[in-house]
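Residues per chain, in single letters:
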Amino acid sequence: MANINIAIDGPAGAGKSTIAKMVSKSLDIIYLDTGAMYRAVALKAINEGIDTLDREKLAVLVKVIDIKITYSGSEQHIFLDGKDVSKLIRTPEISIGASNVGTIPEVRMKMVELQRKIAEENSVVMDGRDIGTYVLPNANLKIFLTASLEERAKRRYQEQIEKGNTGLSLEEVMKDIEYRDRNDSSRAFAPLSKAADAVEIDTTKLTIEEVAQKIMLLARG
Ligand code: DC
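Summary of the structure given here.

Focus: the pattern of salt bridges
Where charged atoms from two side chains of opposite charge come close, those side chains can pair.
Then, number 1: According to the stated counting rule, one finds 15 salt bridges in the structure shown.
Then, number 2: In this structure, D81 engages K44 in a salt bridge whose closest nitrogen and oxygen atoms are separated by 2.7 Å. Of the two residues, D81 is situated in the loop between β4 (75-80) and β5 (83-84) and K44 in helix α2 (residues 35-47); the sequence distance between them amounts to 37 residues.
Then, number 3: Between E151 and R155 there is a salt bridge, with the nearest N and O atoms lying 3.0 Å from each other. You can see E151 and its partner R155 sitting in helix α7 (residues 149-162), four residues apart, about one turn around the helix.
Then, number 4: The exposure class of E151 is buried, given its relative accessible area of 17%.
Then, number 5: In the salt-bridge network here, residues are joined through shared partners; they are K44, E48 and D81.

Concerning the packing of helix α1 (residues 16-27) against helix α9 (residues 208-220)
Then, number 1: With their axes 10 Å apart at the nearest point, α1 and α9 run at an angle of 50 degrees to one another. Classified by the angle between their axes, α1 and α9 sit oblique to one another. Our pair here, α1 against α9, has a crossing hand that is right-handed. Two secondary-structure elements touch here, α1 through T18, I19, M22, V23, S26 and L27 and α9 through I208, V211, A212, I215, M216, A219 and R220.

Here we look at the sheet that holds β4
Then, number 1: One open sheet accounts for three strands, arranged β3-β4-β5; its pairing is antiparallel. Two strands close off the open sheet at either side, each with one partner strand: β3 (67-72) and β5.
Then, number 2: Bridge analysis of β4 against β5 gives two bridges, and the strand direction is antiparallel. Within β5, the residue paired with F79 across the bridge is D84.

Quick notes on the pairing of β4
Then, number 1: Taken together, the six bridges between β3 and β4 define a ladder with antiparallel strand orientation. Looking at the pairing, I67 lines up with L80 of β4.
Then, number 2: Turn length for the β3-β4 hairpin, with the two strands adjacent in sequence and antiparallel, is two residues, and the turn residue G73 shows positive phi of about 65 degrees.
Then, number 3: With antiparallel pairing between neighbouring strands as the criterion, β4 and β5 make up a hairpin whose turn holds two residues, including D81 at a positive phi of roughly 45 degrees.

Considering the site of the ligand
Then, number 1: Neighbouring the ligand are 13 residues; R39, R108, D130, R180 and D184 lie closest to it.
Then, number 2: R129 places a polar side-chain atom, nitrogen or oxygen, 2.9 Å from an oxygen atom of the ligand.
Then, number 3: Within the side chain of R180, an N or O atom sits 2.9 Å from an oxygen atom of the ligand.
Then, number 4: Protein chains bury 97% of the 450 Å² of accessible surface belonging to the ligand in isolation.
Then, number 5: Looking at the shell around the ligand, the elements with two or more residues in it are α2, α4 (92-101) and α8 (170-186).
Then, number 6: Here the element with the most residues in the shell around the ligand is α2; it accounts for three residues.

Observations concerning the environment of A188
Then, number 1: The residue A188 is located in the loop between α8 and β8 (199-202) in this model.
Then, number 2: When the C-alpha positions of A188 and V135 are compared, they lie 15 Å apart, and in sequence the two are 53 residues distant.

Cut-off values and rules
Residues numbered from 1 in each chain as written. Predicted model: local features only at pLDDT ≥ 70, side-chain atom pairs only at ≥ 80, totals over all residues. Heavy atoms only, no water. Salt bridge = Lys/Arg side-chain N within 4 Å of Asp/Glu carboxyl O. Helix = DSSP H or I, 4+ residues; strand = E, 2+ residues; numbered from the N terminus. Buried < 20%, exposed > 50% of the residue type's maximum accessible area, 1.4 Å probe, protein only. Axes fitted to C-alpha atoms, helices over the stretch in contact; angles between N-to-C directions. Parallel < 35°, antiparallel > 145°, perpendicular 65-115°, else oblique. Left-handed = near helix turned anticlockwise from the far one by under 90°. Contact = heavy atoms within 4.5 Å. Pairing = 2+ DSSP bridges. Near = heavy atom within 4 Å. Polar contact = N/O pair within 3.5 Å; in protein donor to acceptor, adjacent residues only side chain to side chain. Areas by Shrake-Rupley, 256 points an atom, 1.4 Å probe, with all protein chains shown as cover.

Pasting the structure below:
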């Protein structure tokens, strides 16, 4: 049977990863969080003292970067140069860095190559910013999730507290998200945008279960 590819795009905090995980579990297919790949590039750059907006240096860095994705059950692990960095990449500094490296075409080309290979070999729910528009233009189903800035900031702030991190205030979380929204939507190459054939769902007033149910109905056609 042909592979199923489902694309879920949208800005930070719209609910992509939670929903993508639920949908992939229920369809018993893998979930690829493409943001983790940009985060791994940012981590490597920061570790090497490279500015995350330095195109020349990042173009060289992605030529030698070793990123591998593995799954234990439905959980994705990302390895950078042989080391599991799945937890290390979840910091505010890396969120901004990932948004910055994502503006660099050479970085995107390399990540997209890896993402397309995974989608060719597996049925996958892939979440990101450019999946429906650029990475998988022929995906079986494309979803574009949105939510108000306030709601998205609140969700990210809450997540941070639940993880026991007392890092940023709600205002700082909102500022970071605003920066990333602007950066991700305004870059020249494969910016965050809704594909013409994507179904848009505003999750501001919906529960996770309601959103997942809508998508499952669409996926089952
Ligand atoms: O999904 P996330 O919050 O983990 O993504 C972090 C950043 O990575 C996001 O602000 C922009 C970049 N990114 C991207 O440019 N393209 C993708 N497909 C996924 C993420």
